Amino acid sequence: MKTPIELISQRITDAIQKVTGQNIPAIVTAATDPRFGDYQSNSALSLAKQLKTNPRQLAEKIIANLQIEDVCQTPEIAGAGFINLRLKPEFIKNYLTEIKNDTENFGIEKSETSKTVVVDFSGPNIAKQMHVGHLRSTIIGDCICRMLSQAGWNVIPQNHIGDWGTQFGMLIAYFKLEWPYVDEDYSQVEINDLEQFYKSAKQRFDNDENFVAVAHQQVRRLHQSDPITMEQWKNIVDESRKHYQPIYETLGINLTVKDERGESFYRDKLADVVNDLKKVELAVESEGAICVFPEGFKTKEGNPMPFIIQKTDGAFLYATTDLAALRFRINELKANEIIYVTDARQKQHFEMLFKVAEMAGWVKDTKLVHVTFGSVLGEDGKPLKTRSGENIKLKELLDEAVKRAKQVVEQKNPELADSEKDSIARAVGIGAVKYADYSNNRTSDYIFSFDKMLAMDGNTAPYMQYAYARVKSIGRKGQEKGIDTAKELKGLKEIFINEPAEFELAKQLIRYSEAFSTAIADFKPNFLTAYLYDLAGKFSAFYNACPVLDAEPKTRASRLLLCNLTAQIIRHGLENLLGIKIIDRM
RNA sequence: GCGCCCGUAGCUCAGCUGGAUAGAGCAACGGAUUUCUAAUCCGUAGGUCACAGGUUCGAAUCCUGUCGGGCGUACCA
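Here is what the cut-offs are and how they apply
- Residues numbered from 1 in each chain as written.
- Chains lettered and ligands numbered in written order.
- Predicted model: local features only at pLDDT ≥ 70, side-chain atom pairs only at ≥ 80, totals over all residues.
- Heavy atoms only, no water.
- Helix = DSSP H or I, 4+ residues; strand = E, 2+ residues; numbered from the N terminus.
- Buried < 20%, exposed > 50% of the residue type's maximum accessible area, 1.4 Å probe, protein only.
- Contact = heavy atoms within 4.5 Å.
- Lys, Arg positive; Asp, Glu negative; His and termini not counted.
- Charge placed at Lys NZ, Arg CZ, Asp CG, Glu CD.
- Near = heavy atom within 4 Å.
- Polar contact = N/O pair within 3.5 Å; in protein donor to acceptor, adjacent residues only side chain to side chain.
- Nonpolar A, V, L, I, M, F, W, Y, C, P; charged D, E, K, R; others polar.
- Core = buried A, V, L, I, M, F, W, Y, C linked by side-chain atoms within 4.5 Å.
- Domains from an automatic or database assignment.
- Axes fitted to C-alpha atoms, helices over the stretch in contact; angles between N-to-C directions.
- Parallel < 35°, antiparallel > 145°, perpendicular 65-115°, else oblique.
- Left-handed = near helix turned anticlockwise from the far one by under 90°.
- Pairing = 2+ DSSP bridges.
- Right-handed = clockwise from strand over helix to strand, strands pointing away.

## Focus on the overall build of chain A
When its secondary structure is counted, chain A shows 22 helices and 13 strands. Over its C-alpha atoms, taken along the principal directions, chain A stretches across nearly 85 × 70 × 45 Å. Buried positions account for 51% of the 586 residues belonging to chain A. Within chain A, contacts between residues separated by at least 24 positions form 73% of all contacts whose residues are at least 6 apart in sequence. Computed over 75 positive and 80 negative side-chain charges, the separation of the two mean positions in chain A equals 4 Å.

Have a look at this one:
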């Protein structure tokens, strides 16, 4: 179903066609001020410039040819040639009815069926704990997948885990020498141990020549797929997964082992990448390394900048792996679009990657997109670290958020059962971290603050969850009073709304699909949170102004519908699109 | 040096395919509760949109330059 903006836009486009004879898509936006109505079109202004005519007169001609009486009241022209539009109550009511019946999508169209998109995100390193640096890629990537699925795409998430490289040879060698028992039973090893072993191994590698030799031998065995070594490697990966998979579950991230295609997956495709690029004479030797020089990139000396795909010592790099993965996704996964979700610092790398792939003729019709994001900063405005300068572990960060949320629950609702307090604290704490991230502009850095994200006022998860809980509370209260809300909704024949607060809420409800459209257009979750926050605000205003359960029966059923749709859309937005839990009571 | 990103209220941030009087939240101040969760709502105050030019009927938004901050820039990912 079309969004109100699309609907109005189409009508005005038709009118413009009649006036000018040209098919020029109309510009329609939400009104910048309630006094101007609900929507406005500035098409006459920009069009008048092109046609060298008077914008006001053009606006009048457009209106004269505009068929929109089923949607809006008589359009008005204001200022230099703005066309102001006010929705008819009948239209709002009809649209509400349609959304009510569209119980899966609430007006959002599934427009992109039969197209496949690969989304590359999260990408934790094996044998290391996830830290704050993984937060944004993981949750933004997940949100992008959710939005694309909602839009009808066939979504293939790809978790490009860091599971291959010389460090694994080193780690295995270290186990052999220092902790042989590990080989017998990896289940005793936790991620903390792996991380510690990794550090110790690295230290020994830097100081002990004999160890270097053993480590290199293990690396060779890995590369030769020696069964025993591979088994040891696999154990390390499996144990690491036991660390990050629960974090995904905590965060509500839809990533599982089936989405993993890490660096190891591409290991036997790397030589082909280099050879194929050599064959077409894109890859050449330079200062001992094999490089491609994509057009338009310069080093600080002003020379062409290399995209290095094989080091002097013969080893491949992540550039090589990325090329192999890109080719796999196009040729094997049949991607129409590939989206990479990484921090903005890798921008140049992906620009070069895409350029090289294009120059090699691998890309064909596939759209390549790098979705970037800013850094998570501490209260001091510097990248978030521990006092000793280490990365903050993601698990510890999330635990802390839940702990703080629990304190709030204890304070606000001490009478609840412990188990309920815990589940509320999890939903609020984790939700707060995610929501705070989503509500900031993706491309900006943002300052991480538990106090701000857990605040009950403002654009936060707790505020949203509270709004939802209040709607649910009306249902419970109604039940106590013998009001069957489900039955009332079913029996609702005609929507009856009158109060300004009801209309404000209703108009917000029918705009959900518009918010979705703007959010997915640039993969900007903050458009979704902004919409939901507005919705919750309008609901709260309605809640204060309009009694539901004590209203006249006719009014009551319609208000219950507004409540129900508010709850449904908050739930859909929070849970389905953002992966944030809602709670019935808090 | 070159490239990319950023600079909006005291603080944290929206808004940027040009559009009407630049918006929220926090903090400050003033109100609202016999009523469905006050983890709420309403109001007041707060701005040279870093600065200077330019394009335009119109610029926070586009262009150029300056200042300030961040990031990247040959074998890490």
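## A word on the protein's contact with RNA strand B
Taken together, 61 residues lie near RNA strand B, and Arg35, Lys311, Asp457, Tyr466 and Ser473 sit nearest. Protein-proximal atoms of RNA strand B, defined as those within 4 Å of the protein, fall in sugar or phosphate at a share of 56%. Here a phosphate oxygen of RNA strand B sits 2.5 Å away from a polar atom, N or O, in the side chain of Tyr463. Where the surface near RNA strand B is concerned, the elements lending two or more residues are α2 (43–51), β4 (82–85), β8 (289–292), α13 (347–359), β13 (446–447), α17 (461–480) and α21 (525–545). With 8 residues, α17 is the largest single contributor of residues to the surface near RNA strand B. A breakdown of the residues in the surface near RNA strand B according to their chemical character gives 26 nonpolar, 19 polar and 16 charged.

## Observations concerning the nonpolar core
Counting residues in each nonpolar core, the largest one holds 157 residues, and the members touching the most others are Ile8, Val119, Leu148, Ile236 and Ile339. Looking at this core element by element, the count peaks at 11 residues for helix α22 (residues 553–577). Ignoring anything within four residues of it in the chain, the contact list for Ile339 reads Val117, Val118, Val119, Asp120, Ile144, Leu148, Val369, Val371 and Phe523. Counting 35 residues, the second largest nonpolar core, distinct from the first, contains Val356, Ala357, Ala360 and Val363.

## Looking at the domain arrangement of chain A
When the domains of chain A are assigned, the result is domain 1 (4–87), domain 2 (166–367) and domain 3 (461–577). Put simply, the middle of domain 1 and the middle of domain 2, counted by C-alpha atoms, are 54 Å apart.

## Topic: the side chain of Lys421
Tracing the chain through its elements places Lys421 in helix α15 (residues 418–439). Among the polar contacts listed, one links the side chain of Lys421 to the backbone oxygen of Pro414, at a separation of 3.1 Å. With residues near it in sequence (within four places) discarded, Lys421 still touches Lys406, Val409, Glu410, Asn413, Pro414 and Leu416.

## Topic: the packing of helix α12 (residues 318–331) against α13
It is the contact of α12 with α13, at a shortest axis distance of 10 Å, that shows an interaxial angle of 50°. Here α12 is positioned oblique relative to α13, judged by the angle of their axes. Of the two possible hands of crossing, α12 and α13 adopt the one that is right-handed. Across the interface between the two elements, Tyr318, Ala319, Asp322, Leu323 and Leu326 from α12 touch His349, Phe350, Leu353, Phe354, Val356 and Ala357 from α13.

## With respect to the pairing of strand β11 (residues 367–371)
Buried residues dominate β11, accounting for 4 of its 5 residues. Pairing between strand β10 (residues 337–341) and β11: 5 bridges, direction parallel. Across the sheet, the residue bridging to Val341 is Val371, located in β11. Since β10 and β11 lie parallel, the crossover through α13 that links them has a hand, and here it is right-handed.

## A word on the side chain of His160
The topology assignment puts His160 in the loop between β6 (154–158) and α6 (166–178). In this structure His160 comes out as buried when scored by relative accessible area, which is 11%. Ignoring any residue separated from it by four or fewer positions in sequence, one finds His160 in contact with Asp120, Phe121, Gly123, Arg261, Gly262, Glu263, Tyr266, Thr321, Asp322, Ala325 and Arg329.

## Section: the sheet that holds β4
The 4 strands lie next to each other as β1-β2-β4-β3, forming an open sheet whose pairing is antiparallel. Either end of the sheet is taken by a strand with one partner, and the two such strands are β1 (28–30) and β3 (76–78). Here the strands of the sheet are splayed against their neighbours by 35° on average, with no regard to which way each runs. Here strand β2 (residues 39–41) runs beside β4; their pairing, made up of 3 bridges, is antiparallel. Residue pairing in the sheet places Ser41 in a bridge with Ile83 of β4.

## Some thoughts on the sheet that holds β11
Judged by pairing direction, the sheet is parallel, and its 4 strands sit side by side in the order β6-β5-β10-β11 without closing on themselves. What marks the edges here is a single partner per strand, and that holds for β6 and β11. Within the sheet, the average angular offset between the axes of one strand and its neighbour, ignoring direction, is 20°. Two strands pair when backbone bridges link them, and strand β5 (residues 116–120) and β6 are joined in this way by 5 bridges, in the parallel orientation. When the sheet's bridge partners are listed, Val117 is paired in β6 with Val155. Along the sheet, α13 contacts β10 and β11; its crossing angle with β11, the most-contacted strand, is approximately 175°.

## Here's the deal with the packing of helix α4 (residues 89–101) against helix α19 (residues 500–509)
As a packed pair, α4 and α19 sit with axes 10 Å apart at the nearest point and diverge in direction by 55°. What the angle tells us is that α4 and α19 run oblique. Where α4 crosses over α19, the two elements pack in a sense that is left-handed. Along the contact surface, α4 presents Pro89, Ile92, Leu96 and Ile99, while α19 presents Phe503, Ala506, Lys507 and Leu509. Per-class residue counts for the contact of α4 with α19 are 7 nonpolar, no polar and 1 charged.

## Observations regarding the environment of Lys581
Tracing the backbone through its elements, the reader meets Lys581 in the segment after α22. Residue classification places Lys581 among the exposed residues on the basis of a relative accessible area of 51%. The spatial distance from the C-alpha of Lys581 to the C-alpha of Ala425 is 11 Å, given a sequence separation of 156 residues.

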